[in-house]
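An overview of the molecular structure
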Amino acid sequence: MSKEWFKRVGWLHLPVSIPGGLAALGTLAFCVNVFIAIDRHSHSNTDTLYGVFPFFVCAFLMYDWLARNVSGRGAQA
């Protein structure tokens, strides 16, 4: 198994191994689930955006932190 889970391409971290792919799919599945749950009770587009924003930010920050720590380059740009 590869030591690097992600490859940095610009600002993005693309998964290059199975654990990286699972982390990416888990993050996306969480965001879709949150979107569906919040959109079900929203009355407008802004209600949905305000509702999902904190969850999406936290999820993608955690994904970015994980990707930076296991990409082999650390926090270097």
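Nothing here was measured: the structure is a model prediction, and the numbers come from that model.

Within soluble globular proteins, side chains that are nonpolar generally end up buried alongside one another. Counting residues in each nonpolar core, the largest one holds five residues, listed as Phe6, Ala23, Ala24, Tyr63 and Ala67. Going through the elements one at a time, helix H1 (18-40) and helix H2 (45-70) are the ones with two or more residues in this core. Beyond its immediate chain neighbours, meaning those up to four positions away, Phe6 contacts His13, Leu14, Pro15, Val16, Gly20, Ala23, Tyr63, Leu66, Ala67, Val70 and Ser71.

For H2, with 26 residues, the first-to-last C-alpha span of 36 Å sits near the 38 Å given by 1.5 Å per residue. Within the sequence span of H2, burial applies to Thr48, Gly51, Val52, Ala59, Tyr63 and Ala67. On its buried side, H2 packs onto strand E1 (6-9), strand E2 (12-15) and H1.

Turning next to the pairing of E1. As paired elements, E1 and E2 share four bridges and run antiparallel to each other. Bridging across to E2, Lys7 finds its partner in Leu14. Between E1 and the antiparallel strand that follows it, E2, lie two residues; Gly10 among them carries a positive phi value of about 65°.

Quick notes on the rules
- Residues numbered from 1 in each chain as written.
- Predicted model: local features only at pLDDT ≥ 70, side-chain atom pairs only at ≥ 80, totals over all residues.
- Heavy atoms only, no water.
- Core = buried A, V, L, I, M, F, W, Y, C linked by side-chain atoms within 4.5 Å.
- Buried < 20%, exposed > 50% of the residue type's maximum accessible area, 1.4 Å probe, protein only.
- Helix = DSSP H or I, 4+ residues; strand = E, 2+ residues; numbered from the N terminus.
- Contact = heavy atoms within 4.5 Å.
- Expected span 1.5 Å × (residues − 1).
- Pairing = 2+ DSSP bridges.

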